[in-house]
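Now for the letters of each chain:
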Amino acid sequence: MDTVTTVLKWTASGGGMIAAALVSLDLGRRVTGWALVLFAASALAWIGGAILTHDAALGTQNVVLLGIDLFGAYRYLIRKKPNG
């Protein structure tokens, strides 16, 4: 594995772990929203690593997760909290 792929995968892994910790701490909507942005960045790094290693399963999984993360970030950071 080349250096770029290694850096991408470790960056993705670390970002995912930090984002998961932030979500689990339940520090409020804003922090959770930013954790989802970090999850999205992690997914992008995983997609890059998957492309470089020709790993279709990893790439497909993270394309789906990227969509989920972006939707969640929108809900927590942009959309107004629904009343009720």
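Residues numbered from 1 in each chain as written. Predicted model: local features only at pLDDT ≥ 70, side-chain atom pairs only at ≥ 80, totals over all residues. Heavy atoms only, no water.

> Any chance you could explain the overall build of the protein chain here in plain terms?
Looking only at helices and strands, the protein chain features three helices and zero strands. In sequence order, the protein chain lays out its α and β elements as α-α-α. Seen through its principal axes, the protein chain has C-alpha atoms that stretch 50 × 20 × 15 Å. Out of the 84 residues belonging to the protein chain, those deemed buried represent 29%. Counted over contacts in the protein chain with a minimum sequence separation of 6, partners at least 24 positions apart contribute 61%. (Helix = DSSP H or I, 4+ residues; strand = E, 2+ residues; numbered from the N terminus. Buried < 20%, exposed > 50% of the residue type's maximum accessible area, 1.4 Å probe, protein only. Contact = heavy atoms within 4.5 Å.)

> Is there a simple way to think about the packing of aromatic side chains in this case?
What describes a pair of aromatic rings is the distance from one ring centre to the other and the angle between the planes of the rings. This structure, assessed with the given rule, holds zero aromatic pairs. When the ring centre of Y76 is taken as origin, the NZ or CZ atom of R29, which lies over that ring, is 4.7 Å away. (Phe/Tyr/Trp six-rings, centres within 6.5 Å; stacked < 30°, edge-to-face > 60°. Lys NZ or Arg CZ within 6 Å of the ring centre and 35° of its normal.)

> Would you explain the side chain of N62 in this entry?
The topology assignment puts N62 in helix 3 (residues 56-78). By relative accessible area, which is 4% here, N62 ends up buried. Reaching out from N62, the side chain makes a polar contact with the backbone oxygen of L58 at a distance of 3.0 Å. In this structure, N62 is in contact with A43, W46 and I47, ignoring residues within four places of it in sequence. (Polar contact = N/O pair within 3.5 Å; in protein donor to acceptor, adjacent residues only side chain to side chain.)

> Sorry if this is basic, but what is going on with the packing of helix 2 (residues 29-53) against helix 3 here?
When two helices pack together, you describe them by how their axes are tilted relative to each other and by the distance separating the axes. The interhelical angle for the contact between helix 2 and helix 3, taken along N-to-C directions, is 160°, at an axis separation of 8 Å. By the angle between their axes, helix 2 is roughly antiparallel relative to helix 3. When you trace helix 2 past helix 3, the crossing you get is left-handed. (Axes fitted to C-alpha atoms, helices over the stretch in contact; angles between N-to-C directions. Parallel < 35°, antiparallel > 145°, perpendicular 65-115°, else oblique. Left-handed = near helix turned anticlockwise from the far one by under 90°.)

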